[in-house]
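# Residue-level structural notes
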Amino acid sequence: MKRLFLTLVCAFFAATGLHAVPDGEVAARRTALDIAGAFTNDGFKLRDGNWSGSFAPGKPGIVQVNLYAGNQYWFTLGATSPAKKVHVTIYDETGKPVKTDEYQDTSVAAAGFSPDNSGTFYVEVEIVEGAAADFCLVYSYK
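These notes cover the structure that comes with them. (Residues numbered from 1 in each chain as written. Predicted model: local features only at pLDDT ≥ 70, side-chain atom pairs only at ≥ 80, totals over all residues. Heavy atoms only, no water.)

## Remarks on the packing of aromatic side chains
The full count for this structure, using the stated rule, is 8 aromatic pairs. Look at Phe39 and Trp74: their rings are 4.3 Å apart centre to centre, the planes differ by 10 degrees, and that puts the pair in the stacked class. Residue Phe39 is located in helix H2 (residues 23-40), and its partner Trp74 is located in strand S4 (residues 73-79); the two are separated by 35 residues in the primary sequence. Summarising the burial analysis for this pair, Phe39 and Trp74 share the class buried. (Phe/Tyr/Trp six-rings, centres within 6.5 Å; stacked < 30°, edge-to-face > 60°. Helix = DSSP H or I, 4+ residues; strand = E, 2+ residues; numbered from the N terminus. Buried < 20%, exposed > 50% of the residue type's maximum accessible area, 1.4 Å probe, protein only.)

## Focus on the environment of Ala111
Counting through the fold element by element, Ala111 comes out in strand S7 (residues 108-113). A residue is classified by how much of its surface remains accessible, and Ala111, at 0% relative accessible area, is buried. Along the chain, Ala111 and Tyr73 lie 38 residues apart, while their C-alpha atoms are 8.2 Å from each other. In contact with Ala111, other than residues within four places in its own chain, are Tyr73, Trp74, Phe75, Val88, Ile90, Thr100 and Asp101. (Contact = heavy atoms within 4.5 Å.)

## Regarding unusual backbone geometry
Non-glycine residue Thr106 carries a positive phi angle of around 45 degrees. Locating Thr106 in the fold gives a position in the loop between strand S6 (101-105) and S7. On the accessibility criterion, Thr106 (52% relative accessible area) is exposed.

## Some details on H2
Along its 18 residues, H2 runs 25 Å from first to last C-alpha, staying within 8% of the 26 Å computed at 1.5 Å per residue. Where H2 is concerned, the buried positions are Gly24, Glu25, Ala28, Ala32, Ile35, Ala36 and Phe39. (Expected span 1.5 Å × (residues − 1).)

## Some details on the pairing of strand S8 (residues 119-130)
Across 7 bridges, the pairing between strand S3 (residues 61-67) and S8 is antiparallel. Looking at the pairing, Gln64 lines up with Tyr122 of S8. As judged from the 8 bridges shared by strand S5 (residues 83-91) and S8, these two strands associate in the antiparallel manner. Looking across to S8, one finds that Thr89 is bridged to Glu124. (Pairing = 2+ DSSP bridges.)

## So, the nonpolar core
Core analysis: the largest hydrophobic core is formed by 23 residues, its most contacted members being Phe55, Leu67, Phe75, Leu77, Val86 and Val88. At the level of secondary structure, the elements contributing two or more residues to this core comprise S3, S4, S5, S7, S8 and strand S9 (133-141). Excluding residues within four positions of it along the chain, Leu67 makes contact with Tyr73, Phe75, Phe113, Pro115, Ser118, Gly119, Phe121 and Tyr139. Among the nonpolar cores identified, the runner-up in size contains 6 residues, and Ile35, Phe39, Phe44 and Ala110 belong to it. (Core = buried A, V, L, I, M, F, W, Y, C linked by side-chain atoms within 4.5 Å.)

## A look at the layout of surface pockets
Space left empty within the atom packing is revealed by a probe, the size of a water molecule, rolled over the atoms. Here the largest pocket defines a volume of roughly 280 Å³. In this structure, the largest pocket is lined by 15 residues; those nearest its centre are Asp92, Val98, Pro115, Asp116 and Phe121. The element contributing the most residues to the lining of the largest pocket is S8, with 3 residues. Among the residues forming the lining of the largest pocket, the class breakdown is 5 nonpolar, 5 polar and 5 charged. (1 Å grid on protein atoms, 1.4 Å probe; cavity = no way out; pocket = protein on both sides within 12 Å on 5 of 7 lines; lining within 4 Å. Points joined across faces, edges and corners; volume = space filled by probe spheres on them. Nonpolar A, V, L, I, M, F, W, Y, C, P; charged D, E, K, R; others polar.)

## Thoughts on the environment of Asn50
Topologically, Asn50 is positioned in the loop between strand S1 (45-46) and strand S2 (51-55). Along the backbone, Asn50 and Ala32 are 18 residues apart, and their C-alpha atoms lie at a distance of 9.9 Å. Setting aside chain neighbours within four positions, we find Asn50 in contact with Arg29, Cys136, Leu137 and Val138.

What follows is the structure in structure tokens.
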């Protein structure tokens, strides 16, 4: 009976697609959330969910987001230690960079702005100095 129970539990987890998150992504998320927490002190709400993975110098990652005029946003990027300097750039729907307030500290970067128009925006995360690393991008709004 115990063997049947264990088999069913294993089958359940296999069917639900649960998987272990790599340690690097966990560390990058912790780093991003540490900085994003400072924005919550200014009334920003942390958005559920995040984007994580690996990136390398010269191979930025891009995330598409829908943002709303009248809100303020902060996009916070945390990376693991092989990345010595990272950067966040936000582009409008035409691919033009938008003017942002920026924060930079070793393997953490953030970009904040308030869009004039609602619509699609693109957030680019990149390694400026260092080697390939894991990253996590979170965002806050108010």
